[in-house]
There are 2 protein chains.
Amino acid sequence: MSNHYSSAPSAYAYPLIIKQLLNRAKTVSTEQEIVYADKKRMTYADFFQRIGQFANVLAGLNLDKGDVVAVMDWDSHRYLESYFAVPMSEYVIQTVNIRLSPEKVLYTINHAKPKVLMVNSEFAPLVKDYQFENSSIEHIIWLDDNGVSYEGVFGHNENRVIGEYEALLAAASPEFEFPDFDENTIASTFYTSGTTGDPKGVFFTHRQLVLHTLTEAASLGVLPQKQGVSFGDVYMPMTPMFHVHAWGFPFTATMIGLKQVYPGRYAPDTLMDLIINEKVSITHCVPTILQMVIGEAQKRGVGFDGLKMIIGGSRLTEGVAKAALESDIEVYTGYGMSETAPLISLSSFSINEPEMTLEQDIERRCMTGNPVMMVDAQIWDQEQNSLPHDGEQTGELVLRAPWLTQSYFKNDDAGRELWQGGYMHTEDIAYMTASGTIKITDRLKDVIKSGGEWISSLQIETILSLHPSVADVAVIGVRDEQWGERPLAAIVLKPHCKDTTVEDIKAVAEQAVEKGMIPKYGVPSKFLLVDDLPKTSVGKHDKKVMRELYADQTGI
Amino acid sequence: MSNHYSSAPSAYAYPLIIKQLLNRAKTVSTEQEIVYADKKRMTYADFFQRIGQFANVLAGLNLDKGDVVAVMDWDSHRYLESYFAVPMSEYVIQTVNIRLSPEKVLYTINHAKPKVLMVNSEFAPLVKDYQFENSSIEHIIWLDDNGVSYEGVFGHNENRVIGEYEALLAAASPEFEFPDFDENTIASTFYTSGTTGDPKGVFFTHRQLVLHTLTEAASLGVLPQKQGVSFGDVYMPMTPMFHVHAWGFPFTATMIGLKQVYPGRYAPDTLMDLIINEKVSITHCVPTILQMVIGEAQKRGVGFDGLKMIIGGSRLTEGVAKAALESDIEVYTGYGMSETAPLISLSSFSINEPEMTLEQDIERRCMTGNPVMMVDAQIWDQEQNSLPHDGEQTGELVLRAPWLTQSYFKNDDAGRELWQGGYMHTEDIAYMTASGTIKITDRLKDVIKSGGEWISSLQIETILSLHPSVADVAVIGVRDEQWGERPLAAIVLKPHCKDTTVEDIKAVAEQAVEKGMIPKYGVPSKFLLVDDLPKTSVGKHDKKVMRELYADQTGI
């Protein structure tokens, strides 16, 4: 029968491409504001003109469809304009993570092969010795707020510089007819941080970003007003725009037509000034930035007036959540990763929820939250069986959603592993409650597989850290002939507790077994007292190094 | 470059099909309630089981993909189950408008050619003499709440009845693996009311309904809590489920995981009981139903406790809006039509809006509102030029959105007309303000085209009705050799005003010209005093009949 339902010849099939996100804002939000720190204010009407101008600048560069435009900038109006103008012109935006080591930054550029590099003058030292001759970069656009000239910076490669961004836009016509094209065209690419190897490239289509934007608006919209997004909110990112589309929020805020504030480089006083002066009402960040702005507010003796703040990137702890609530920040958790565009889950709130204690309230704000709409989230055991949502059984969190990277760029093996069994593997170990709340308990690579069972290193670490003599503890799995793997605990004692013995600490684990907190096989087979534990550059336990270091403990 | 971004072999491409709307609810909302009047209560977990059972019943009928399942029912849990189980099984649901005349109801069935008819025992009289032998209907499913048997109803066609719905479900397995398929598969079809000819069939794909659902959740979600949708709301339709997917809200409410209440046949006391007892917090209806429930509440001396109510279908007048607000109903306007699935625009609210007077507040609630996200709404003149949004210039409202019917079913000519110039023609005359608020001023067919200019019959009628002697007035266009068309006013005088002359009434129009309210050519060329005006079955002026009746007034 279906063939009877034929479309009219000039019916509009409506591709899900990024320009469609602007339809409402173009009609309703022309007078709304976009602010760049203390440097620039404009209306959405200006913004629409400027992305036309930017598109005309790009159109003059003789690029091919699908060519990559790399951006190295702090959070700015320029970045927002690039989010739209670059993919709407059928090019791919590469958001360069400038927080990686210089070698890794250059690795990601050499891997993505951009033809255009947009670079903030502050990052000139990073690229000035770059081997442009051997690279894909044909054109450089200079981004600058401080009157710094590009003259002399690039040596004999200066001819690649086509000009300074604002000057280029000023000279271009705002008239540009953004075309329709296939919604499965790639729109954006960026790289995972690659803590355990080279950064891996993820990539997203127009369709994926449109669906992410719609679902994010819906998911944040149906949260109660106190936590969610409403018309009239003022948005500012505090997770950078080079990091997983800044939660996709610049797209979402523009579609809704919110006032937007871009803070440039994150400095506590600038962030606080903008929150106060621009009346920022919703933002997102990592716990470190949250603590930074709380510190700044305390210094000034001011509060946050109910600022809504989604925490992601690393775990929101109960202590930090409490401090945030005390500063009048409506803090809660969002979960996602580079591979997921990123939104997967949000803390649960309802206008009709039962009363809860402060502790319960803090606890749910620190949970990984409920999957957002359209997301099919499951907990899988090692044989890819879906486990029941009983709040107990842990397995790997695997996902389907309309916006997950479909592989890694030029890395088919890693892509195949990512999508084993038709679901995207997060490599996070979690359980789910009967009401669909996810709790991440561990990273897969930190889980110890002992006799076919999984032991959470995080849980054992938490228990051992309860011993008053323990300053730091890490639990890793070491090879074992009988069990496959067995846990080993490496412990740093507090300076004045040097007479505490391995047996004293083991007793804590055994008490936890008696109380039913952990199974018997969760007690580490070996306890080592060490002077310190290897750390990564960001201060986390470097378990990779530890596994090498203690590899000789095999067969304990 | 794009070809480098290859997908992993088992990456999930995620088709936008209706089953995906259930992903979140299946994880998060299993204990949430679905209520059918005072007849049935169940959880979402039950609902998921039941759509599996229903799918197994349908699977036993040997249907082909794309076959039509027609539903004739009041708003019930059965209807909700059909919204999901039928399209998720790759069949098309036809929602039969049982408010049409019996002839037109049968016309729509004969036109859509369903193989399965689901019919509520209350509509048995309507179909009992139906010529099943000459129709497409092979199977009948009996829907009944009152212990009425189908025995004897269908005469020798009784063998087509496969059973009563609840009995069929009870006998079926809940295990059903809903398959993935092309998102452009047709999911639903229904018919316009056809006031000016045969009803016309519109149709929607899975993709369109998913995108409508997501955008509706986003658009209602980002309204302030007082007007919008939040987790914790309780939904009940008061626009029937056979009418443009009941605003698409059953899909949206299920995706979000709201408690849902289905009221059966709309009776004021049942509706009011359910609003109170089930704590309904959001609904939608036509102004007539609104007035009905206000009347019921006044009789009982109760209020509505901030019940959110979206009015569509016919214009919300200032008087009715005021009465609703006084009864503590948060009333506002949504705009859409059969061809648009239906959501196109909503009244504007913001958490940061400037203070306004009660009159201003009522006015914006009665406006057609702002286009929702993704909607490209334009005002076109007769040459398909887009007119400025200046709050003055009127033209036809034309649309692009991801969920518009792509034609009329088996009516290519009408489909071609609908989509002239690549935008969907609403046949509504409107202007748009600088802030994107649409105001419908007229139906296109009621506009009078005089010398290349458009005259709003509605506006002239409003002005003439201000004369104290006028009981009723209709203005239509009649053929004119010089001007193409000229307005003619047909007037019914109040009983005690029979000495009022045509000149007296014309003077009102001329005063309006002097005050600049209408152009000079807006004064009708002919005024007729008549005893009464032809009306349609729903009590509106029948201008089609009037145009025939007064056609001899050509060349006035």
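Refer to the structure presented above.
Position numbers for residues start from 1 in each chain and track the written sequence from start to end. Note on labels: chains are lettered from A, ligands numbered from 1, in written order. Reporting of local features is limited, given that this is a predicted model, to residues whose pLDDT is at least 70; pairs of side-chain atoms are given and counted only at 80 or more, and all residues count toward the totals for whole chains, interfaces and linings. With hydrogens and water excluded, all non-hydrogen atoms of the structure serve as input to the side-chain values.

Asker: Help me out: how do you make sense of the overall build of chain A in this one?
Answerer: Put simply, DSSP marks the helices as runs of H or I at least four residues long and the strands as runs of E at least two long, and each gets a number from the N terminus on. When helices and strands are tallied, chain A shows 16 helices and 25 strands. Principal-axis analysis of the C-alpha atoms gives chain A an extent of 75 × 60 × 60 Å. A burial count over chain A gives 61% of its 556 residues as buried. What makes two residues a contact is simply this: any of their non-hydrogen atoms within 4.5 Å. Intrachain contacts of chain A at a sequence separation of at least 6 include 67% that bridge at least 24 residues. A total of about 21500 Å² of accessible surface is found on chain A, and carbon and sulfur atoms cover 48% of it. When accessible area is computed with a 1.4 Å probe and restricted to protein chains, residues below 20% of their type maximum are described as buried, those above 50% as exposed, and intermediate ones as partly exposed. Computed with the Shrake-Rupley method and a 1.4 Å probe, the accessible areas treat only the protein chains shown as cover for residues.

Asker: Any chance you could explain the sheet that holds strand β3 (residues 68-72) of chain B here in plain terms?
Answerer: Pairing between the strands of a sheet is mediated by backbone hydrogen bonds and can be parallel or antiparallel. All names here are of chain B. Only strands joined by at least two bridges in the DSSP assignment are considered to pair. Read across the sheet, 7 strands follow the order β7-β6-β5-β3-β4-β8-β9 without closing on themselves; strand pairing throughout is mixed. A single partner strand is all that each edge strand has here, and the edge strands are β7 (161-164) and β9 (201-205). Strand after strand, the sheet turns through a mean of 20° between neighbouring axes, direction not considered. The pairing of strand β8 (residues 186-191) with β9 spans 5 bridges and is antiparallel. Here an angle of 0 to 180 degrees is reported between the N-to-C directions of two axes, which are lines fitted to C-alpha atoms, with helices fitted over the stretch in contact.

Asker: I would appreciate a short explanation of the interface of chain A and chain B in the present structure.
Answerer: Often, the extent of an interface is quoted as the loss of accessible area on bringing the components together. On the side of chain B, 83 residues touch chain A, which itself brings 84 residues to the contact. Summed over the three residues of chain A that lose the most area to chain B, namely Y5, F231 and M374 of chain A, the buried surface amounts to 12% of that side. Salt bridges are identified by distance alone: a Lys or Arg side-chain nitrogen within 4 Å of an Asp or Glu carboxyl oxygen. Between chain A and chain B we count 2 salt bridges in total. Between R207 of chain B and E183 of chain A there is a salt bridge, with the nearest N and O atoms lying 2.7 Å from each other. Any N or O atom pair separated by 3.5 Å or less is treated as a polar contact, with the protein-specific requirement of one donor-capable and one acceptor-capable atom, and with residues adjacent in sequence counted only for side-chain atom pairs. Taken together, the links from chain A to chain B amount to 27 residue pairs in polar contact (both at pLDDT 80 or more). Listing elements by their share of the side of chain A that touches chain B, those giving two or more residues are α1 (23-28), β8 (186-191), α7 (206-221), α8 (249-256), β16 (370-371), β17 (376-380) and α13 (412-418) of chain A. The leading source of residues in the side of chain A that touches chain B is α7 of chain A, at 9 residues. Gly counts as polar in this scheme, as do all residues outside two lists: the nonpolar Ala, Val, Leu, Ile, Met, Phe, Trp, Tyr, Cys and Pro, and the charged Asp, Glu, Lys and Arg. Each residue belonging to the side of chain A that touches chain B can be placed in one class, and the counts come to 43 nonpolar, 29 polar and 12 charged. As used here, buried area is the combined drop in accessible area, with a 1.4 Å probe, of two parts when they are placed together.

Asker: When you look at the packing of aromatic side chains in this model, what are you seeing that I'm missing?
Answerer: Given two aromatic rings, their pairing is described by the distance between the two centres and the angle made by the two planes. Pairing of aromatic rings covers Phe, Tyr and the six-membered ring of Trp, with a centre-to-centre limit of 6.5 Å; geometry is then stacked below 30 degrees between planes, edge-to-face above 60, and tilted otherwise. All told, the structure shown has 44 aromatic pairs over all chains when counted by the stated rule. Summarising the aromatic geometry, the rings of F84 of chain B and F251 of chain B are spaced 5.3 Å apart at their centres and angled 70° between planes, so their arrangement reads as edge-to-face. In this pair, F84 of chain B sits in helix α3 (residues 77-88) while F251 of chain B sits in helix α8 (residues 249-256), placing the two residues 167 residues apart along the sequence. Looking at F251 of chain B, the relative accessible area reads 4%, which means it is buried. Here F176 of chain B and F178 of chain B contribute two aromatic rings whose centre-to-centre distance is 4.8 Å and whose plane-to-plane angle is 55°, an arrangement assigned as tilted. In textbook terms, an aromatic cluster arises when at least three aromatic residues are bridged by ring pairs, as seen for Y44, F47, F48, Y79, Y83, F84 and F251 of chain A. Definition used: whenever NZ (Lys) or CZ (Arg) falls within 6 Å of the ring centre and also within 35 degrees of the ring normal, the charge is taken to sit over that ring. Here the basic side chain of K39 of chain A rests over the ring of Y36 of chain A, its NZ or CZ set 5.5 Å away from the ring centre.

Asker: How should I be thinking about the packing of helix α9 (residues 268-277) of chain B against helix α10 (residues 287-300) of chain B in this particular structure?
Answerer: A pair of packed helices is captured by two measures, namely the crossing angle of their axes and the spacing between those axes. All names here are of chain B. Between α9 and α10, whose axes approach to 9 Å, the crossing angle comes to 75°. If you check the angle between α9 and α10, you find them roughly perpendicular. For the pair formed by α9 and α10, the contact residues are P268, D269, L271, M272, D273 and I276 on the first element and I289, M292, V293, E296, A297 and R300 on the second. Of the residues that constitute the contact of α9 with α10, the class distribution is 8 nonpolar, no polar and 4 charged. Oblique is the label for any angle not covered by the other classes, which are roughly parallel (under 35 degrees), roughly antiparallel (over 145) and roughly perpendicular (65 to 115).

Asker: Help me understand the pairing of strand β14 (residues 329-335) of chain B, please; the structure alone is not making it clear to me.
Answerer: Regular strands place their side chains on alternate faces of the sheet. Residues and elements named next belong to chain B. Burial runs high along β14: 7 of the 7 residues are buried. Pairing of strand β13 (residues 307-311) with β14 involves 5 bridges; the strand directions are parallel. Bridge pairing in β14 places I311 opposite T333. Across 2 bridges, β14 lies against strand β15 (residues 345-346) in antiparallel orientation. Its bridge partner being in β15, G334 is matched across the sheet by L346.

Asker: What is the right way to read the side chain of E90 of chain A from this model?
Answerer: All names here are of chain A. Note that E90 resides in the loop between α3 (77-88) and β4 (92-95). Among the residues examined, E90 registers a relative accessible area of 13% and is labelled buried. Among all residues touching E90, those that are not within four sequence positions of it are K65, G66, F181 and T185.

Asker: Could you clarify how one ought to interpret the relation of the copies chain A and chain B in this entry?
Answerer: Here two copies of a chain appear, and what relates them is a rotation about an axis with a shift along it. Residues reaching a pLDDT of at least 70 in both copies supply the C-alpha atoms on which the copies are superposed by least squares. Note on the identical chains: chain A maps onto chain B by a rotation of 180° and an axial translation of 0.0 Å, with an RMSD of 0.2 Å. Each copy turns onto its partner about a two-fold axis. A share of 99% of the interface residues of chain A reappears at the interface of chain B, consistent with the copies meeting face to face through the same patch.

Asker: How should I be thinking about the sheet that holds strand β5 (residues 116-120) of chain A in this particular structure?
Answerer: All names here are of chain A. On the basis of which strands lie adjacent, the open sheet formed by 7 strands has the order β7-β6-β5-β3-β4-β8-β9 and mixed pairing. The sheet is open, and its two borders are formed by β7 (161-164) and β9 (201-205), each paired with just one other strand. Shown here is a sheet whose adjacent strand axes are inclined to one another by a mean of 20°, direction ignored. Sheet topology places strand β3 (residues 68-72) next to β5; 4 bridges connect them, and they run parallel. Opposite M72, over in β5, you have V119 as the bridge partner. Sheet contacts for α3: β3, β4, β5, β6 (139-143) and β8; angle to β4, the most-contacted strand, approximately 150°.

Asker: Hey, could you run me through the pattern of salt bridges in this one?
Answerer: Once their charged atoms are close, side chains differing in charge can pair, the charge on each being opposite to the other. According to the stated counting rule, one finds 63 salt bridges over all chains in the structure shown. With a closest N to O distance of 3.8 Å, K39 of chain B and D38 of chain B form a salt bridge. Assessed through its relative accessible area of 45%, K39 of chain B is described here as partly exposed. With a closest N to O distance of 2.9 Å, E278 of chain B and R41 of chain B form a salt bridge. Of this pair, E278 of chain B sits in the loop between α9 and β12 (282-285) while R41 of chain B is found in strand β2 (residues 40-43), placing the two residues 237 residues apart along the sequence. Look at E278 of chain B and you get buried, because its relative accessible area is 8%. On the basis of relative accessibility, which here comes to 47%, the residue R41 of chain B falls in the partly exposed class. The structure contains a network of salt bridges with shared partners spanning K226, E330, E353, D361, R364 and R365 of chain A.

Asker: How do you make sense of the packing of helix α11 (residues 318-326) of chain B against helix α12 (residues 358-366) of chain B when you look at a structure like this?
Answerer: All names here are of chain B. Where α11 meets α12, the closest approach of the two axes is 9 Å, and the angle between their N-to-C directions is 110°. With respect to each other, α11 and α12 are oriented roughly perpendicular. The two elements α11 and α12 meet at a crossing, and its hand is right-handed. Residues E318, A321, K322 and L325 of α11 form the contact with α12, whose participating residues are L358, D361, I362, R365 and C366. Handedness of a helix crossing follows the sense of rotation of the near helix relative to the far helix, less than a right angle counterclockwise being left-handed and clockwise being right-handed.

Asker: Just checking my understanding: could you explain unusual backbone geometry for this structure?
Answerer: Excluding glycine, most residues fall at negative phi; most peptide bonds, likewise, are trans. Residue and element names in this part refer to chain A. Omega for the peptide link from A341 to P342 comes to 15°, which places this bond in the cis form. On the secondary structure map, P342 appears in the loop between β14 (329-335) and β15 (345-346). Within the chain, D305 stands out as a residue other than glycine whose phi angle is a positive 55°. Inspection of the secondary structure puts D305 in the loop between α10 (287-300) and β13 (307-311). One non-glycine residue, D328, adopts positive backbone phi at about 65°. Relative to the assigned elements, D328 resides in the loop between α11 (318-326) and β14. The exposure class of D328 is partly exposed, given its relative accessible area of 40%.

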